[in-house]
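Working through the structure, step by step
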Amino acid sequence: MSSTAGQVVRCKAAVAWEAGKPLVMEEVQVAPPQANEVRIKILYNSLCHTDIYFWEAKGQKPLFPRIFGHEAGGIVESVGDGVTDLAPGDHVLPVFTGECKQCRHCKSEESNMCNNLGLNTDRGVMINDGQSRFSINGKPIYHFMGTSTFSEYTVVHVGCVAKINPAAPLDKVCVLSCGVSTGLGAALKVAKPIKGSTVAVFGLGAVGLAAAEGARIAGASRIIGIARNLNRFEAAKKFGVTEFLNPKDHNKPVQEVLAEMSDGGVDRSIECTGDIDAMVSAFECVHDGWGVAVLVGLPHQNAVFKTHPANFLRGRTLKGTFFGNYKPLSDLPSLVEKYLNNELELEKFITHEVPFSKINKAFEYMLRGEGIRCIIRMEE
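Report follows, based on the coordinates. (Residues numbered from 1 in each chain as written. Predicted model: local features only at pLDDT ≥ 70, side-chain atom pairs only at ≥ 80, totals over all residues. Heavy atoms only, no water.)

1. Thoughts on the packing of helix 4 (residues 179-191) against helix 5 (residues 206-218)
Any two packed helices are characterised by the angle at which their axes cross and by the distance between the axes. It is the contact of helix 4 with helix 5, at a shortest axis distance of 7 Å, that shows an interaxial angle of 40°. Taken together, the axis directions place helix 4 and helix 5 in an arrangement best described as oblique. As helix 4 packs across helix 5, the resulting crossing turns out to be right-handed. Packed against helix 4, whose contacting residues are G179, V180, T182, G183, L184, A187 and L188, the element helix 5 presents V207, A210, A211, E213, G214, A215, I217 and A218 at the interface. In the contact of helix 4 with helix 5, the residues fall into ten nonpolar, four polar and one charged. (Axes fitted to C-alpha atoms, helices over the stretch in contact; angles between N-to-C directions. Helix = DSSP H or I, 4+ residues; strand = E, 2+ residues; numbered from the N terminus. Parallel < 35°, antiparallel > 145°, perpendicular 65-115°, else oblique. Left-handed = near helix turned anticlockwise from the far one by under 90°. Contact = heavy atoms within 4.5 Å. Nonpolar A, V, L, I, M, F, W, Y, C, P; charged D, E, K, R; others polar.)

Structural data, given as structure tokens:
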């Protein structure tokens, strides 16, 4: 066991004290893991847009002070009572959603959700006892999505920690703990484009590019990227995107433009922006009779999806996906193996890297729409 096992650990954490304000580097106290929890030494983070969304506190209940971060890789430092699947020294990916392996969802081969450890963005404490494991001078600091990886040490429920091959470089595979897996699975496990098909991808951020990569791996012959950020188009070519469409360049709905480009409609579409109008366009642009649209993006809480029922009656299919339909503990290790076997490229998603002390720079990159993923190196 680690020499710090069972003790409070003092370490650096980037704390969000207010919505939209720069994170502040603080010394925090991290309590030992309780039953069915593990304490992880975080080595690398990757900034995801979900962190930005909740940091800005737009459209949802604000909860501060808070430690954000959920796309990361690290090493288990100590474990709480009842933990048998993980041990100190294990290389792991903490995940924002869990797998209790006991509930109806976990026992189903058709679902990757979990009744007990599913995503909960409002909860700022641990499930076991309703308490935070973080504090500053006795004042609790809230958790985020059960992970809070913008801290040198964090405590996570064992059901939200995927053990991976220690040969995998954590500064690369950490991107699999959220965005890349979400987009990749949306294409490979949900949309399932057949070889030679045409796929439209709405949004060319990390998730959208991962969806395009999945379509490329599946053998799609045409991958049409839809985005308003022209800076995305050149980079997207590396992910198999063959054509680009900027909605601002047309005076008609995007779905009509796509139908004209693809002889009546695309075979598959994947929506990765969360914009409700884009979601409707993604559904209405698929070909009648066989077209499948997959919704990935997180919409505004008051958004309403509206389309004519005839669009369904004519044989179009609308699907949603959560984390690319991957079960976090069961499936993430195999994705890591695909990377190690050169079946999956991750380096091209990583465009920037900053030390932990410069974490606000990573936020600036994303807010300006620069790059794809910024790796945050915890050790200076």
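2. A short note on the pattern of salt bridges
For the structure shown, the criterion picks out 21 salt bridges. For E213, the salt bridge is made with K348, and the minimal N-O distance between the two is 2.9 Å. Of the two residues, E213 sits in helix 5 while K348 sits in the loop between helix 10 (328-340) and strand 16 (350-355), which places them 135 residues apart along the sequence. Owing to a relative accessible area of 15%, K348 belongs among the buried residues under this scheme. Where R368 meets E370, a salt bridge forms, and the shortest distance between an N and an O atom there is 2.7 Å. (Salt bridge = Lys/Arg side-chain N within 4 Å of Asp/Glu carboxyl O. Buried < 20%, exposed > 50% of the residue type's maximum accessible area, 1.4 Å probe, protein only.)

3. A closer look at the sheet that holds strand 7 (residues 139-141)
If you trace the four strands from one edge of the open sheet to the other, you get 1-2-6-7, paired in antiparallel fashion. In the strand order of this sheet, the two ends are held by strand 1 (9-15) and strand 7, each with one partner. Shown here is a sheet whose adjacent strand axes are inclined to one another by a mean of 50°, direction ignored. Sheet analysis places strand 1 next to strand 2 (residues 24-30), joined by seven bridges and oriented antiparallel. Directly across from V15, in strand 2, lies its bridge partner V24. (Pairing = 2+ DSSP bridges.)

4. Thoughts on the environment of F64
Mapped onto the elements, F64 comes out in the loop between helix 1 (49-56) and strand 4 (72-79). When the C-alpha positions of F64 and K192 are compared, they lie 40 Å apart, and in sequence the two are 128 residues distant. For F64, the residues in contact, after removing those within four places along its chain, are A16, W17, E18, A19, F54, W55, A57 and Y142.

5. Here's the deal with the nonpolar core
With 108 residues, the main nonpolar core has F150, V173, L176, I270 and I376 as its most contacted residues. In terms of residue count, the dominant contributor to this core is helix 5 (seven residues). Listed in part, the 15 residues of the second largest apolar core include A200, L258, V266 and C285. (Core = buried A, V, L, I, M, F, W, Y, C linked by side-chain atoms within 4.5 Å.)

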